[in-house]
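Topology and contacts: notes
Listed below, chain by chain, are the residues.
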Amino acid sequence: MTSFFPSRTVAIYMARLFLVRTFAILLGLVLVLQTLDLLSTTGDILAAPGNGQSQIWTYVSLRSPQIISFLLPFCVLLGTILTLITMNQNSEVVALKAAGLSAHQVLAPLLVASLGVAIVSFVFNDRVVSRSTATLTQWQNVDYGKMPIDRGDRANVWVRDGDDLIEVNQTRGRGATTQLGGITLYDRTGGNLRSIVRATRGVYVAGGWRVGPGTRFDVASGNLIPFDTLVIGRGIRADQFTLASVDADSLSFGALRAAIADLAESGRPTKALEGSLWHKLSGPLSAILMPLLGAVAAFGIARSGKLFVRAVIGMALGFAYFVADNFALAMGNLGAYPPFLAAWAPFLLFLFIGEAVLFRTEE
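The structure presented is a predicted model; accordingly, all values stated were derived computationally and were not measured. (Residues numbered from 1 in each chain as written. Predicted model: local features only at pLDDT ≥ 70, side-chain atom pairs only at ≥ 80, totals over all residues. Heavy atoms only, no water.)

**Some points on helix α8 (residues 307–334)**
- Relative to the 40 Å expected for 28 residues at 1.5 Å per residue, α8 spans 41 Å between its end C-alpha atoms, a close match to the ideal helical length.
- Residues Leu307, Ala311, Gly314, Leu317, Gly318, Tyr321, Phe322, Asp325, Ala328, Leu329, Met331 and Gly332 constitute the buried set of α8.
- Following α8 by one or two positions, Gly335 has its phi on the positive side, about 90°. (Helix = DSSP H or I, 4+ residues; strand = E, 2+ residues; numbered from the N terminus. Expected span 1.5 Å × (residues − 1). Buried < 20%, exposed > 50% of the residue type's maximum accessible area, 1.4 Å probe, protein only.)

**Considering the nonpolar core**
- Core analysis: the largest hydrophobic core is formed by 47 residues, its most contacted members being Val76, Leu289, Met290, Leu293, Phe299, Tyr321 and Leu358.
- The element contributing the most residues to this core is helix α2 (residues 53–89), with 11 residues. (Core = buried A, V, L, I, M, F, W, Y, C linked by side-chain atoms within 4.5 Å.)

**Considerations on the confidence of the model for the protein chain**
- When the pLDDT values of the protein chain are averaged, the result is 86; 92% of them are 70 or greater.
- Confidence, read as mean pLDDT per element, is least for helix α5 (residues 238–242) in the protein chain (71) and greatest for helix α1 (residues 8–47) (94). (pLDDT = per-residue confidence, 0-100.)

**Regarding unusual backbone geometry**
- Residue Pro213 follows Gly212 across a cis peptide bond; omega there is -10°.
- Relative to the assigned elements, Pro213 resides in the loop between β5 (208–211) and β6 (214–218).
- Positioned with a positive phi, Ser91 is a non-glycine residue whose angle comes to about 60°.
- Checked against the element boundaries, Ser91 lands in the loop between α2 and α3 (92–98).

**A look at the packing of helix α4 (residues 103–141) against helix α7 (residues 271–293)**
- Packing of α4 against α7 brings their axes to within 8 Å, and their N-to-C directions diverge by 160°. Overall, the two elements α4 and α7 adopt an arrangement that is roughly antiparallel. Crossing handedness for the pair α4 and α7: right-handed. Contact residues: α4 offers Leu107, Leu110, Leu111, Ser114, Leu115, Val117, Ala118, Ser121, Phe122 and Asn125, while α7 offers Lys280, Leu281, Pro284, Leu285, Ala287, Ile288 and Pro291.
- Residues that form the contact of α4 with α7 fall into these classes: 13 nonpolar, 3 polar and 1 charged. (Axes fitted to C-alpha atoms, helices over the stretch in contact; angles between N-to-C directions. Parallel < 35°, antiparallel > 145°, perpendicular 65-115°, else oblique. Left-handed = near helix turned anticlockwise from the far one by under 90°. Contact = heavy atoms within 4.5 Å. Nonpolar A, V, L, I, M, F, W, Y, C, P; charged D, E, K, R; others polar.)

**Some points on α4**
- Remark: the principal bend of α4, roughly 40°, maps to Asn125.
- Among the residues trailing α4, Asp143 stands out with phi positive, at a value near 55°. (Bend = angle between axes of the 7 residues up to and from the residue.)

**Topic: the packing of aromatic side chains**
- This model, assessed by the stated rule, comprises 14 aromatic pairs.
- Ring centres of Phe70 and Phe74 lie 5.4 Å apart, and the angle between their planes is 50°; on these two criteria the pair is classed as tilted. With a gap of 4 residues between them, Phe70 and Phe74 both fall in helix α2, about one helical turn apart.
- Given the relative accessible area of 53%, Phe70 is considered exposed.
- Ring-pair connections join several aromatic residues into one group, and the members of that group are Phe70, Phe74, Phe319, Tyr321, Phe322 and Phe350. (Phe/Tyr/Trp six-rings, centres within 6.5 Å; stacked < 30°, edge-to-face > 60°.)

**Concerning the packing of α7 against α8**
- Across the interface, α7 lies against α8 with an axial gap of 11 Å and an inter-helix angle of 175°. Taken together, the axis directions place α7 and α8 in an arrangement best described as roughly antiparallel. Note on element contacts: α8 touches α7 through Gly314, Leu317, Gly318, Tyr321, Phe322, Asp325, Leu329, Gly332 and Asn333, opposite Ala272, Gly275, Ser276, His279, Ser282, Ser286, Leu289, Met290 and Leu293.
- In terms of residue class, the contact of α7 with α8 is built from 8 nonpolar, 9 polar and 1 charged.

**Remarks on the environment of Val129**
- Tracing the backbone through its elements, the reader meets Val129 in helix α4.
- On the accessibility criterion, Val129 (9% relative accessible area) is buried.
- Residues Val129 and Asp262, 133 residues apart in the sequence, show an inter-C-alpha distance of 23 Å.
- Beyond its immediate chain neighbours, meaning those up to four positions away, Val129 contacts Pro65, Gln66, Ser69, Phe124 and Asp249.

**Comments concerning the pairing of strand β2 (residues 164–172)**
- Bridge count for β2 against strand β3 (residues 179–189) is 7 bridges, and the pairing is antiparallel. The residue of β3 that forms the bridge with Gln170 is Gly181. (Pairing = 2+ DSSP bridges.)

**Looking at a nonpolar patch on the surface**
- Together, Val32, Leu33, Leu36, Leu39 and Phe70 line one region of the surface with nonpolar side chains, adding up to about 510 Å² of accessible area.
- Of all the elements, α1 adds the most residues to the nonpolar patch, at 4 residues.
- Among the structural elements, Leu33 can be located in helix α1. (Patch = residues over 30% accessible without salt bridge, like charges linked within 9 Å, V, L, I, M, F, W, Y side chains within 5 Å. Areas by Shrake-Rupley, 256 points an atom, 1.4 Å probe, with all protein chains shown as cover. Salt bridge = Lys/Arg side-chain N within 4 Å of Asp/Glu carboxyl O.)

**As for the pairing of β3**
- The turn linking β2 back onto β3 is made up of 6 residues, and Gly173 within it adopts a positive phi angle of 80°.
- Of the strand pairs in this sheet, β3 and strand β4 (residues 192–205) are connected by 10 bridges, and their pairing is antiparallel. In the sheet register, Gly181 faces β4, and the bridge partner there is Arg201.
- In sequence, β3 turns back onto β4 through a hairpin of 2 residues, with Gly190 there showing a positive phi of about 60°.

**Some words on the side chain of Asn51**
- Looking at the element boundaries, Asn51 is found in the loop between α1 and α2.
- For Asn51, the side chain forms a polar contact with the main-chain oxygen of Ile45, separated by 2.7 Å.
- Setting aside residues up to four positions removed in sequence, Asn51 forms contacts with Ile45, Leu46 and Tyr144. (Polar contact = N/O pair within 3.5 Å; in protein donor to acceptor, adjacent residues only side chain to side chain.)

Take a look at the structure:
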């Protein structure tokens, strides 16, 4: 395997060149997009009572991971093309090929470096982006009001129990350990509202959900009656709260897999979530495709005047992959594609396309 790579010095030089350019482009684009995003969002944040500069910086800390995750594959593509164009113009690629290296051997250091980027991207998405997305979603659900305390909880869950409607601001845990926060019960009979029960927290007990302390507003009399504990929702299972709104972007890979298993066990559809689960793997791995798709910019004589055309072709191939990936994921969410196909078909298709272009033009 070591004979497949250029010399250690050349491999380190190419990998460093690629990584520096990739993350420099990422930093610049994140600053630009975060600034534009703030221009459209700052007014909504400051409109909430008590919000100020600290809440704006909190928003930046929650939104930036999402922007980084979105831009990273694009930046790997641009970093690849910029690296290969520079090496082509300096005749470094010509020197490597003159030394007997094939096109795949020239690209080997970039492929290994992009694999490292893919691993970092997966860990970053799983540990940082999912948590920030969950918190930001909950914060936006309360119109940037008081910040949610717990990260990763499901928010704004509605469950129907006969004629009654139950709204829960936050849910934590799974199964019998599920805890509810901010409960509102709309007690209805025959479509007519009889009372409104509000409680700060609730836990699962035999025969229902014990909530309290809270208040009960009787519509007929207009009286507001406080209470310590009250059992409601006797026919509601725990999974109806915890699985009522499963957001794949707000869950880590392990948590999403567990949620899918719970949904499947309760007989509910999981195809769209399964596609999102597979995409949590195929999405970061798209970084490995970028050196292959942008490789056309590395070869050909720079002074022939076709270097710019080759760079445009590499960018077109890369952006075509992102279009196909989003299209396939959308078809998977609609149920038109099987989950595995929706997540992996674009990756495999463009892997073959990149290899075919490389063999046809250089090998």
